[in-house]
Structure formats: structure tokens, C-alpha cells
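So you can see what is in the structure, the chains are spelled out below.
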Amino acid sequence: MEYKFIGNIEKIIKTENGAEFKTSQGLLKLYILADDLVRIRFTQNSFFETDFSYAVIKDDWFVDFQFSEDPNSYVFSTKKLNIIVNKNPLRISFIDQDNNVISEDFAPFGISYSGTEIQVYKTLDNTEKFFGLGEKVGNLDKRGESYKMWNTDFPAYGIRQDPLYVSIPFFIGMRKDKAYGYFLDNTYETFFNLGASQERYYSFGAKYGELNYYFFYGPQVAKVVERYTELTGRMELPPIWSLGYQQCRWGYYPDTFVEDIVSTFRNKKIPLDVIYLDIDWMDNYKVFQWSPKSFPDPKKMTKKLNELGVKVVTIIDPGIKAEESYFVAKEGIANDHFVKYPDGEMYQGEVWAGYSYFPDFTKSTARTWWWNLIKGMTDVGIKGFWNDMNEPAVWGQSFPDIVEFNYEGLKKNHKAAHNIYGMQMARASYEGAKKSLNGERPFIITRAGYAGVQRYSSVWTGDNSSTEDDYRQGAVMVQGLNLSGVSFVGPDVGGFNGEPTKELFERWIQLGVFTPFFRTHTIVNSRSQEPWSYGEDVEYNVREMINKRYQLLPYIYSAFYQSHKYGTPVVKPLFWYDQFDETTYQEGYQYQYYFGDYLMIVAAKVNQDFTKVYLPQGLWYEFDSSLSHQGKQIIISESGRTRLPVFVKAGAVIAMRESQDYAQQNILEKIDLHIYDGANSESIFYEDDLHTYNYVNGDYLVRKIVLELTDNNLQIVMAHHEGSYQTTIKKWLVYVHTNINYQNIMINKNIVEYDNINCIYSFLIDEEPNICINMS
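Residues numbered from 1 in each chain as written. Predicted model: local features only at pLDDT ≥ 70, side-chain atom pairs only at ≥ 80, totals over all residues. Heavy atoms only, no water.

Enquirer: What should I look at first to understand the packing of helix α7 (residues 468-483) against helix α8 (residues 502-513) in this one?
Expert: Axes are the key here: two packed helices are described by the angle between their axes and the distance separating the axes. Where α7 contacts α8, the axes come no closer than 11 Å and their chain directions differ by 5°. One way to sum up the angle between α7 and α8 is to call them roughly parallel. On α8, the residues that touch Glu468, Asp470, Tyr471 and Ala475 of α7 are Leu504, Arg507, Trp508 and Leu511. A class-by-class count of the residues in the contact of α7 with α8 yields five nonpolar, no polar and three charged. (Axes fitted to C-alpha atoms, helices over the stretch in contact; angles between N-to-C directions. Helix = DSSP H or I, 4+ residues; strand = E, 2+ residues; numbered from the N terminus. Parallel < 35°, antiparallel > 145°, perpendicular 65-115°, else oblique. Contact = heavy atoms within 4.5 Å. Nonpolar A, V, L, I, M, F, W, Y, C, P; charged D, E, K, R; others polar.)

In C-alpha cells, the structure reads:
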């Protein structure tokens, strides 16, 4: 079909927040939302009557801007940007205040459409790099590739397959080291060409609907992510137990076997917080109906496991078995909760349960009904919900496009609803669990999602495989999702499909310790993947690794707070702190990332005793030995079977506690505060009750910890920043890792709450930390 282009501007109408343009081929609206945020909408004929988005939650934008016109263009100026709209033909450029082009329409094409398909073309600079796009395989830098957004159940995907389970049509561009972002908010199938097979332009568009996109300007990548998550929402704080170790496999049944697994963890002193029940808990795959044979008394089982500190998370699928006697099917039919064909007949798709109905999660009454079903689960002690098969997936991968959805009263077909179905299921599960748990925070995880899914759920990266490629690819995928607003994410440790070698299993556990979501999972009829499944030597090593995760929980929880508060990723790419360091973008170093603010993790290969590591600028310490290295260099680091290379940035403040059998076994009363000398810094230490929503009403505590280096003195300033939470910490042990024999190491004690600091320990490299230096 012939391609048509946007054409010349024929008319402009200035508006309170921008302008509307009529061109020879369509209509375009420009909205200036902030100094660094612009929205563009284009359609051939008329805009949707209702300006609705499942992704965007903030619409109360206001910014002062200046408008001017010359013979060739209209100019909209903010404190950070000049948005230049060329008249003939209409082309849009985003220019910073130093007159640098940040991004601009590709002059020959601009915006085009062909039939219902619409897209925009942007000039591709030879320095341009691209990151994000949510759950995508391949390199961290997406330049030279093309991608599709269409949630897809792709079991045993490899390192080249696309699309996968989650669609987040947001990416970050880097042009001459200045960061910007684009978010194409269109729930139909969308596509992105980031310089694939040509180097003239990059483009993005949609099969149907409007061209509706947002432009974000940094110039720091952190500013782009912060603004994107302000637009689409940020995660709620998870319950602390969901940050502990989680054990899963398809095949944990009956209840006595589940209890034996948990008891073995306790007997072997291996920490555990969560155990999962896959589809085996259901009666003939009927969701919300327990198997009377395998789980005759689920409430008794969950009570017993909870007494051992272990929460139960159950899988839930959207497919509702089409069986007359099944109470969920009867309720759904009676109350009109299922999706239908245009002739009014309910759609039935084939899944585990056989032919099944599908709830319309785009309908508020259907979500409310789902809440009540969730309550039936929480009433027997279930604390978390694992949303699966919600792309939505059916056998044959062919959910009919003609099927109709409510879409919040706007009435759309499957083409529009497909990509947001999983997110709305996760939303219904989250809202139902939150309502039912009496103030306790639930844990929700989903396989499918769309932009904004972080408001409701964590994400795991689907049905990976037990290969080294999948292990290392997971490290890259987690970075891409974090850059796309989803911090609480991780792969199935060990791989879902197949059986890992003991060396791969160990290595993957090592990496899982430093991944936001830490769960081992495997397919039915595969080798067991519990920590003791590979012999005593592996069991010992894995126990030590999982213990390290629990020791780091105060540090990890503070990182999650920053994601909740500011949208800061828990996992950050190597270039996060220095966009001008070209080495950080190299493909060979994309397997290095920051976990929290200060720990740099290296996803070393399996069976490789030494690994090449790039240390960015500054001073770096080895986490397990405190040996130091100057940055801006490549080093060779030991990476034998029991050692994953982990480094700490100078200026780091790492809060740790004792290990436990589970995350809330003991009240937090002692903190080991590890200070890594070599740079001034300001860090956050966050506290609350770890499991309720009281923090929303101010019942939390944020401390700022400032390191100041002057001459031969190191000063550590700890200050109450905000919040009313009454700390439970009674003792602080401060360890200073340094190469310098300071004359004085001082800590402020002007605030009463810090009178419980009993000593400062300082130690030079290779020296035991047992010398009390000073406390002023």
C-alpha cells in the first residue's frame, strides 16, 4: 500500500499547553508538559474522543514556555529545550539551550502512514546508541536491530527471539553523550527500527491507532528514567520477605512434599522466604479451586509453613475452565465478566484446563469480581500471586483479534487489548490482595505486562533455559527492564527449561544474590534444583551465597526505596554514572552492572577462572577482600567456581545485618555499616516496618549518611532526614575500609538517636578490623 507523508502546515491553533496543527495529510497536536517533556499526537482524520491511557497516571502538568514564529518555523522554548516545528513540510526538532540537536525528524520522511499503519522517522546520528525497550534479548545497546511489541508466550526463547512476554514501548537514546527518551503510548502492535539494515534513520510506529509519543530530555540518563517513571508511575515498596530467597518448581505437590522441602531448608540452615505452587495446586487446572487430593487443607499447610517463616505464592492463570459446575465459570457467566465475540458468544480458548473463558480485565466490574476470588485465597493464608499465561496465551498462539473487550467503556478489540491484558490481570490481583490482606503488602509477579506494570507487580523474564547464554542474557535483560521503569525483576535462576550443570547452577545463584528478584525455578520432570541437589560442596557454597543476600537486605531495601520514591533503577548499567566513558558502552562489558548505588557486579562466565573487568573512573574495592584498584582501567579478576567478581565504589556506604533463616525472623537491632573510603558521597539508609503500608502515612525513617574527606581526616555525618518511624536499631558497628592511615576518623553524635553507636572500626587493607580509632 502506498506511503503518504504528513505534508505542509495549513493551519495552527495555539493552546494553553502547546498547539494544534492541520496539515495537508492529517492533524498533529503538540503538548509541552514540562521543561524536558513534550507529547506529540498525530492522526490522519480525527483524534480519539477520549484521551485515555493505561500507562500514564500523571496529567496535571504545567510549565511556562515562550512561543515565536519566523517565515519557516514555529518555536516553543522552555528552560531546557527549543522545540522547532518546521512549516513546509512539518518536521519537529528538539534542540537544547546550547543549540545541540538532541533529536529531530528525518527530513525526507517525517511522519508517514500506509493504510492503518503509522510511524515517525528520526535522523540517526553516527554517535547514537539505544537502550531499554523493556524485555528484549540481544545486546544492551539496541542500535542496528528492529523490535516488535506484542506480548508473546515464547517458551525456551534464546538470545535472538522477539517479541517476548512484556511490551514496554519506551527507549532511551544517547546522542553525543546526551540522553533522551521516547515513549510510544499505543497498546496495539508497535514496532521499532533502530537503524536495522540501514544507517539513515531510526523509526517507530503502530499497526493501528494514533501516533502518540512522549519525548524526554535528560541530558542525564537518570533524569530521563526519573521523568518516565513520574509519567507512568513507580513501584510500591514490596514486603521484605519478597526480597529474600524464593524456591519454585513445576511439580511441588502434594502438601506433605511441599512441607518436606521447607523443613529441609530449615534443617540445613539455608535461608528461605517463599515457596511456590505451580499449576499442580489446582483441581484439574481450575484456578481458585484447590486439589482435594493433593492439598486437602491448604489453610493448615500455609499456617504450618508461615510458622517456619515461609510464605506461599500460588500461580494463577486467566483461563477459567468452561465447565457448568465450576463456581468461577458460573459467576463469570452470570455477571458478564468474560470477553465475547461481536455476536455476543463468549470466547473459549484452549489452555491447561481445556477450553476456557477469559475474564475481561479491562472492565472495572470484572476486576472487582477478581478481587473477591483473590480474597478466597488470602483467607487460607496465601500472601502472593504469580500471574502466568496472561499475554494472553492459548494453545496455537492465536487469540482471535475479533474478540471484544470493554477497555474502560471505550469498546476495543483484541488488537488494542492484547498488550495490556497481562498488566490489567496483575492490577486486579494486586488490588484484590491489597484489599484482602488488612494492611499487609502483597507480592505480585507477572509474566506479561505493558508500560506502567511496575505500579502493580514484579516481573520475571519468562521461560528461559538452562544454558550459559541464558544466564548471561538474563543480566542484560534485567538492565533493560530496569531502564524501562521495572526495577523488581529477575530471571529463573538455573533456567526453567533443561538442567544446568552444577557449575552453571552455582554461578547463577551467585548472580541471583545481586538480582532484584531472586528465585530458582525449573520445569516438571527435570532434575531437582534445590540448593542441596548437586552434592555437599555445592550446597555449602550456595548456603554461603544465600546468606550473603540476607546480610545485604538493608542495603537492598534502601535501593528499593529509592526506586519507589524517585524511580531510580535498582540495577543500573555500567554507563549510569559516567555517560562520557565510551568503554562502559562496549559489548564486552554489558555483563557488568550496578546493584544499588555502589556494588558493581560482573556476570562472569562459567568455568572461567579469570575474567576481564572494566573499572570506571574512581577507586574500587573488591567486595570479598577489600583489595583496592584505581579505576579507568581493565583488570583481570579471579572468577573461579566460588567467586563472582563484585566490586565496591569508593564513597560507598553498605548497610548489612546478620543472616537469618528468613527476612523477618529477628527484629533489626544491629547494623554493620561498611564505609569504603576514597570519595565524598551522600547515601540513603531507609527503615520502616517492612510489611505494611504505614510508610504511606509517614511511618518511615530516611537517614542521610555523608562522607567528607578533608586533609588527613574522614568525617562521617549521619542525620535524620525525614519520617516518623521509631527505629529498632540499638547498635551500629561502623567499619571503614581504607588505604590511608587517617589521623582522625570522626562521626557526629549530636543527634540522640546515634548515641547507640558503640565504636568505629578502621582497618587498612590486609589488617583485621579490630582497632577502635575514635568517636567524637
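Enquirer: Just to check I follow, could you spell out the environment of Ile95 for this structure?
Expert: Mapped onto the fold, Ile95 is located in strand β9 (residues 91-96). Sequence separation of Ile95 and Trp369 is 274 residues, and the distance between their C-alpha atoms is 49 Å. The residues touching Ile95, leaving out its near neighbours within four places in the chain, are Lys80, Leu81, Asn82, Ile84, Asn100 and Val101.

Enquirer: Even after reading the chapter, I still don't get the side chain of Ser466, so can you show me in this structure?
Expert: Looking at where Ser466 falls in the secondary structure, it is placed in the loop between β34 (458-460) and α7. Judged by relative accessible area, which is 12%, Ser466 ranks as buried. Apart from the residues lying within four places of it in its own chain, the contact partners of Ser466 are Gly494, Gly495, Asn497, Gly498, Glu499, Pro500, Leu504, Trp508 and Gln529. (Buried < 20%, exposed > 50% of the residue type's maximum accessible area, 1.4 Å probe, protein only.)

Enquirer: What is the right way to look at the packing of α8 against helix α9 (residues 536-551) in this model?
Expert: With their axes 9 Å apart at the nearest point, α8 and α9 run at an angle of 10° to one another. The angle between the axes of α8 and α9 places the two elements in the roughly parallel class. For the pair α8 and α9, the contacting residues are Lys502, Phe505, Glu506, Ile509, Gln510, Gly512 and Val513 in the first and Asp537, Val538, Asn541, Val542, Met545, Ile546, Lys548 and Arg549 in the second. When the residues that make up the contact of α8 with α9 are grouped by side-chain class, the tally is seven nonpolar, three polar and five charged.

Enquirer: How should a nonpolar patch on the surface be read in this particular structure?
Expert: Nonpolar side chains collect at one region of the surface, where Tyr285, Trp352 and Trp395 lie side by side and expose about 290 Å² of accessible area between them. Relative to the elements of secondary structure, Trp395 occurs in the loop between β29 (384-387) and β30 (404-405). The exposure class assigned to Trp395 is partly exposed, which follows from its relative accessible area of 38%. (Patch = residues over 30% accessible without salt bridge, like charges linked within 9 Å, V, L, I, M, F, W, Y side chains within 5 Å. Areas by Shrake-Rupley, 256 points an atom, 1.4 Å probe, with all protein chains shown as cover. Salt bridge = Lys/Arg side-chain N within 4 Å of Asp/Glu carboxyl O.)

Enquirer: Would you take a moment to explain helix α1 (residues 221-232) for this structure?
Expert: Think of an α-helix as turning once every 3.6 residues; residues three or four places apart then point the same way. For α1, which comprises twelve residues, the first-to-last C-alpha distance of 17 Å matches the rise-based estimate of 16 Å (1.5 Å per residue) to within 8%. Within α1, the full set of buried residues consists of Val221, Val224, Val225, Arg227, Tyr228, Thr229, Leu231 and Thr232. (Expected span 1.5 Å × (residues − 1).)

Enquirer: Looking at this structure, I do not really get the nonpolar core. What am I missing?
Expert: Across soluble globular proteins, nonpolar side chains have a tendency to be buried as a group. Counting 176 residues, the largest nonpolar core has Phe183, Trp281, Trp370, Phe514, Leu599 and Ile654 as the members making the most contacts within it. In terms of residues, this core owes the most to one element, helix α6 (residues 414-436), which gives ten residues. In this view, Ile654 contacts Leu552, Tyr555, Tyr598, Leu599, Val648, Asp672, Leu673, His674 and Tyr676; residues no more than four positions away in its chain are not counted. (Core = buried A, V, L, I, M, F, W, Y, C linked by side-chain atoms within 4.5 Å.)

Enquirer: Help me understand the pattern of salt bridges in this model?
Expert: Pairs can form between side chains of opposite charge whenever their charged atoms are close. Applying the stated criterion to the full structure yields 48 salt bridges. Among the ionic pairs, Asp492 bridges to Arg519, the shortest N-O distance being 2.7 Å. Taken together, the residues span a long stretch of sequence, with Asp492 in strand β36 (residues 492-493) and Arg519 in strand β37 (residues 519-520) at a distance of 27 residues. For the residue pair Asp492 and Arg519, the accessibility class agrees, reading buried in each case. Of the charged contacts, one joins Arg641 and Asp537 as a salt bridge, the two residues approaching to 2.8 Å between their closest N and O atoms. On the criterion of sequence distance, the pair formed by Arg641 in the loop between β44 (633-638) and β45 (646-649) and Asp537 in helix α9 is long-range, its members being 104 residues apart. Arg641 sits in the partly exposed class, given a relative accessible area of 35%. Judged by its relative accessible area of 34%, Asp537 falls in the partly exposed class.

Enquirer: What is the right way to read unusual backbone geometry from this model?
Expert: Backbone geometry follows two general trends: most residues other than glycine have a negative phi, and most peptide bonds adopt the trans configuration. Omega for the peptide link from Asp162 to Pro163 comes to 0°, which places this bond in the cis form. Residue Pro392 is reached from Glu391 by a cis peptide bond, and omega for that bond is 0°. Its location among the elements puts Pro392 in the loop between β29 and β30. Positive phi, normally seen in glycine, also occurs at Lys176, with a value near 50°. Looking at where Lys176 falls in the secondary structure, it is placed in the loop between β16 (170-175) and β17 (178-184). On the basis of relative accessibility, which here comes to 52%, the residue Lys176 falls in the exposed class. At Lys632, a position not held by glycine, the phi torsion is positive, near 60°. Within the secondary structure, Lys632 sits in the loop between β43 (628-630) and β44. The class for Lys632 is partly exposed, based on a relative accessible area of 47%.

Enquirer: Is there a simple way to explain the sheet that holds strand β5 (residues 37-43) in this structure?
Expert: Remark on secondary structure: sheet strands pair via backbone hydrogen bonds, oriented parallel or antiparallel. Strand order in this open sheet of eight strands is β2-β3-β4-β5-β20-β17-β16-β13, and the pairing throughout is antiparallel. Edge positions in the sheet fall to β2 (9-15) and β13 (129-132), since each of these pairs with one other strand and no more. Going across the sheet, the axis of each strand differs from the next one's by a mean of 20°, ignoring polarity. In this sheet, strand β4 (residues 26-34) lies alongside strand β3 (residues 18-23) in antiparallel orientation, the contact comprising six bridges. Of the residues in β4, the one forming a bridge with Phe21 is Leu28. Its contacts with the sheet put α1 on β4, β5, β16, β17 and β20 (211-217), and the angle it makes with β17 is roughly 25°. (Pairing = 2+ DSSP bridges.)

Enquirer: How should I be thinking about the packing of aromatic side chains in this particular structure?
Expert: Each pair of aromatic rings is reported with the distance of its centres and the angle of its planes. Applying the stated rule across the entire model yields 79 aromatic pairs. Here Tyr182 and Phe204 contribute two aromatic rings whose centre-to-centre distance is 5.2 Å and whose plane-to-plane angle is 45°, an arrangement assigned as tilted. Separated by 22 residues along the polypeptide, Tyr182 in strand β17 and Phe204 in strand β19 (residues 201-206) bring together distant segments of the chain. Like Phe204, Tyr182 is buried. Counting every residue linked through ring pairs, the aromatic cluster contains Phe288, Phe338, Tyr341, Tyr347, Tyr357, Phe358, Phe361, Trp369, Trp370, Phe399, Phe405 and Tyr421. Above the ring of Tyr31, the side-chain terminus of Arg39 is found at 5.0 Å from the ring centroid. Stacked on the ring of Tyr693, the Lys or Arg Lys434 has its end atom at 4.5 Å from the ring centre. (Phe/Tyr/Trp six-rings, centres within 6.5 Å; stacked < 30°, edge-to-face > 60°. Lys NZ or Arg CZ within 6 Å of the ring centre and 35° of its normal.)

Enquirer: Sorry, what's going on with the sheet that holds strand β8 (residues 81-86) here?
Expert: Within the open sheet, the five strands sit side by side as β6-β7-β8-β9-β10. Their pairing is antiparallel. At either end of the open sheet lies a strand with only one pairing partner, and these are β6 (66-69) and β10 (101-104). Across the sheet, the axes of successive neighbouring strands diverge by a mean angle of 15°, strand direction being ignored.

In short, geometric facts, not functional conclusions.
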